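Next come the chains, spelled out residue by residue.
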Amino acid sequence: MNSSMSEYKMLEIIKKDFDNLAEKILILNRGIIKDAFHGTSHDRAKSIVKNGFKISQRPGYLGKGIYFFETNPEAAKIFAKSVKSYYNITIIQAVVEMKYGIFYNSIVRHCKKLKKDIEDICNTKLEWGDFMMLLRKIFEEEKVRYDGIVWHYPMDRLSNAKFAVISMVIDPKQVLSLIHISEPTRLGMISYAVFCLK
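So, here is what we can say about the structure in this document. (Residues numbered from 1 in each chain as written. Predicted model: local features only at pLDDT ≥ 70, side-chain atom pairs only at ≥ 80, totals over all residues. Heavy atoms only, no water.)

## Digging into the overall build of the chain
Within the chain, the regular secondary structure consists of six helices and seven strands. For the chain, the N- to C-terminal ordering of α and β elements is α-α-β-α-β-α-β-α-α-β-β-β-β. Of all 198 residues assigned to the chain, the portion counted as buried reaches 43%. A separation threshold of at least 6 residues defines the contact pool for the chain, and within that pool the share at least 24 residues apart is 73%. (Helix = DSSP H or I, 4+ residues; strand = E, 2+ residues; numbered from the N terminus. Buried < 20%, exposed > 50% of the residue type's maximum accessible area, 1.4 Å probe, protein only. Contact = heavy atoms within 4.5 Å.)

Right under this line is the structure:
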């Protein structure tokens, strides 16, 4: 992201188009997600079990938050290996609460021109993660009620599956509990340890 002055200018551009944008962005009623899978490294998984989830300061595709694949641990594993380049991948299964989730695919569909306008006016290249952080600031100012962002992720980039559902939560408190963690052993097997962190 550029200087605070450039960020202010970008936010002003989004604000001008927000009313039109708000009518097109879908907000989904999600509820409790019982099968939410988070792929990470073994060391990071041990830290999560001990200290809970912490939000990284570097925004991902949807901005800053904690990313889960719904009902699909294999997708979480593929994503952690192919995109995050983790070694000795561990999959954490959690229960997540997301009453309202903004549908990211609708944002991409209706915001491509807006993102391009910002890049042209501010003479800068804007990554989608940074654009999402700007958009989320406007959501907060406009009192848009949401707990996270839902993304139908095109898995065909990584596997034979057409897509997987990624749910990104913006607050670690939305993770109600860790159900179990799959942990690779020296023999390459999978063992399970049960945790209840409430």
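## Observations regarding the packing of helix α5 (residues 104-122) against helix α6 (residues 128-141)
Closest axis-to-axis distance for the α5/α6 pair is 11 Å, and the angle between their directions is 95°. Here α5 lies roughly perpendicular to α6, going by the angle between them. Between α5 and α6, the contacting residues are Y104, I107, V108, C111, K112, L114, K115 and I118 on the first element and W128, F131, M132 and L135 on the second. In terms of residue class, the contact of α5 with α6 is built from 10 nonpolar, no polar and two charged. (Axes fitted to C-alpha atoms, helices over the stretch in contact; angles between N-to-C directions. Parallel < 35°, antiparallel > 145°, perpendicular 65-115°, else oblique. Nonpolar A, V, L, I, M, F, W, Y, C, P; charged D, E, K, R; others polar.)

## Thoughts on helix α3 (residues 42-51)
By the burial criterion, the buried members of α3 are H42, A45, I48 and V49. Buried residues of α3 fall within an arc of 115° about the axis and therefore sit on the same side. α3 presents D43 and K50 as exposed residues on the side facing more than 90 degrees away from its buried surface. (Arc of directions from axis to C-beta.)

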